[in-house]
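# Notes for the structure review
The residues making up each chain are set out below.
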Amino acid sequence: MDVIEAIRSAGVVGAGGAGFPTHVKLNVNAGCVILNGAECEPLLKVDQLSMARNPEKVVRGLELAMEAAHAPEGVIATKAHYEEAVEALKRAIAGKPHLRLHLMESYYPSGDEKNILYEVLGKVVPTGKLPIDAGCVVVNAGTALNIEAASKGIPVTDKSLTVSGDVPEPMTVTVPLGVRLRDALALSGFQGNETDYALIVGGPCMGFLQEDWDAPVIKTTGGILALKRTHPQIRLRAITVEQQARLARAICCQCSRCTQMCPRHAMGLPVEPHKAMRAISTGNALLLGDAAGVLACSSCGLCTNFACEMGLTPSVVMAMLKQELGKAGVRPVPEQTIVPEPWMSMKAVPVQRLVARMHLTAFDRPAPWNDRLIEPERVKLPLKQHAGAPAVPVVRAGDRVEKGQWIARIPDKALGANLHASIGGRVAEVGSGFIAIERA
């Protein structure tokens, strides 16, 4: 079996959020493959539950990733307090000397790719570089499950995610790709409306505010959080750029706590959010300092959600500046010398303290796996659910399709991922950037 071709054919992408095509990521020569089972975001449970429920499949997916990347060593990095998952994984890797467990403390952002690589290998990846530049590949637990399925000819047609927040019954479920967010949310017994509630897609730290509740679940959707519109996390996300600048001018005292608490700064990278706040408050871009400091930001949100005592949002300002620098063609210059702070571990923020600071303690509840199913009458499948170019449709309106059938393929010589039907039925529409399928 050609593992790379099986992964490519199945349309596997990074399930943890970035959506980078996995067949490209693994087409390397690596010394190590790290399976990221740290579940970085608070409130989300999908990775730890997946590892506990299907440890053999997760381990097999890791081994296939190692085979594809020609890596002799595999490491499963997860948190020590995920006790059920840890015990299941220990049994699954017993007698496999090429695999080992790396147990981590419960701090944020432990699941950040650069953090996890530093924890496991003691190496810092420079700005603009990838883990493979340090001889390593990192894959998410959900990605490993999709790799294992791909080896059996099963394409990516469903997504496991956690439904949490201000809902009656938090849970982790598997739904067809393309199902509406509101329908996945309804599985939890939620009956709220768009007037009173807002949705965060992803986790509470790095997730984004989604105003369209009819938007589809895609390959990178890890969670759906419903919160009242009066909740501080929703109000923070609603602040405009102009309001950011006014607040920075009025409130930011340049205490630099945001920089002092930044995980990337502690790692020795030149991330300095306080300088971004200084630049936006004065309108003087020269005060930003080194642009590499913005481009090295991971957008973890710790500066906003934990460090700033004034209620400002440095991470939002950093994300805005990163976008503008990208548009201007500014590219990161890798650091030649990186010296992590010797007291780096002392700056690790316990997840429970972060959750409390974000006013989310009431919602930090178990979200056990639930086998409730959604059988949607219609799904809307975006052609771009991944990094790279959109997939190219190979079906037309009116065509009959079966679940798992190819409906869009990677453009020739382009970075992308194949797309498959998530339900059987009739192609209702091939629109601009999506394919809609109606159940037969």
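Residues numbered from 1 in each chain as written. Predicted model: local features only at pLDDT ≥ 70, side-chain atom pairs only at ≥ 80, totals over all residues. Heavy atoms only, no water.

Across the seven residues that make up strand β2 (residues 73-79), a large majority, six, are buried. In the sheet, β2 pairs with strand β3 (residues 99-104) via six bridges, with the strands oriented parallel. In the sheet register, Gly-74 faces β3, and the bridge partner there is Leu-99. As a crossover connection, the stretch from β2 through helix α5 (residues 83-93) into β3 is right-handed. (Buried < 20%, exposed > 50% of the residue type's maximum accessible area, 1.4 Å probe, protein only. Helix = DSSP H or I, 4+ residues; strand = E, 2+ residues; numbered from the N terminus. Pairing = 2+ DSSP bridges. Right-handed = clockwise from strand over helix to strand, strands pointing away.)

Below, the discussion takes up a nonpolar patch on the surface. Side chains of Phe-20, Val-24 and Leu-415 sit close together on the surface and give an oily, nonpolar patch of about 190 Å² of accessible area. In this fold, Leu-415 is placed in the loop between β15 (406-409) and β16 (419-420). By relative accessible area, Leu-415 is classed as partly exposed at 31%. (Patch = residues over 30% accessible without salt bridge, like charges linked within 9 Å, V, L, I, M, F, W, Y side chains within 5 Å. Areas by Shrake-Rupley, 256 points an atom, 1.4 Å probe, with all protein chains shown as cover. Salt bridge = Lys/Arg side-chain N within 4 Å of Asp/Glu carboxyl O.)

Bringing the sheet that holds strand β17 (residues 425-431) into the picture now. Spatial strand order, β12-β18-β17-β14: four strands in an open sheet with antiparallel pairing. Each edge of the open sheet carries a strand with a single partner, namely β12 (378-382) and β14 (400-401). In the sheet, β14 pairs with β17 via two bridges, with the strands oriented antiparallel. By the bridge assignment for β17, Arg-400 is matched with Arg-426.

This part takes up the sheet that holds β15. In spatial order, the strands read β13-β15-β16; together these three strands make up an open sheet with antiparallel pairing. Of all the strands in the sheet, the pair left with one neighbour each is β13 (392-393) and β16. Judged from the two bridges that link them, β15 and β16 form a sheet pairing that is antiparallel. Bridging across to β16, Ala-408 finds its partner in Leu-419.

Attention now goes to the nonpolar core. Of all hydrophobic cores here, the largest spans 53 residues; its most connected members are Leu-26, Val-33, Leu-35, Ile-76, Ile-407, Ile-435 and Ile-437. Looking at this core element by element, the count peaks at eight residues for helix α4 (residues 55-69). Every residue in contact with Leu-35, bar those within four places of it in the chain, is listed here: Met-51, Val-58, Leu-62, Val-75, Ile-76, Ala-77, Val-139, Ala-141 and Ala-144. In this structure, Met-267, Met-277, Val-317 and Leu-325 belong to the second largest nonpolar core, which totals 24 residues. (Core = buried A, V, L, I, M, F, W, Y, C linked by side-chain atoms within 4.5 Å. Contact = heavy atoms within 4.5 Å.)

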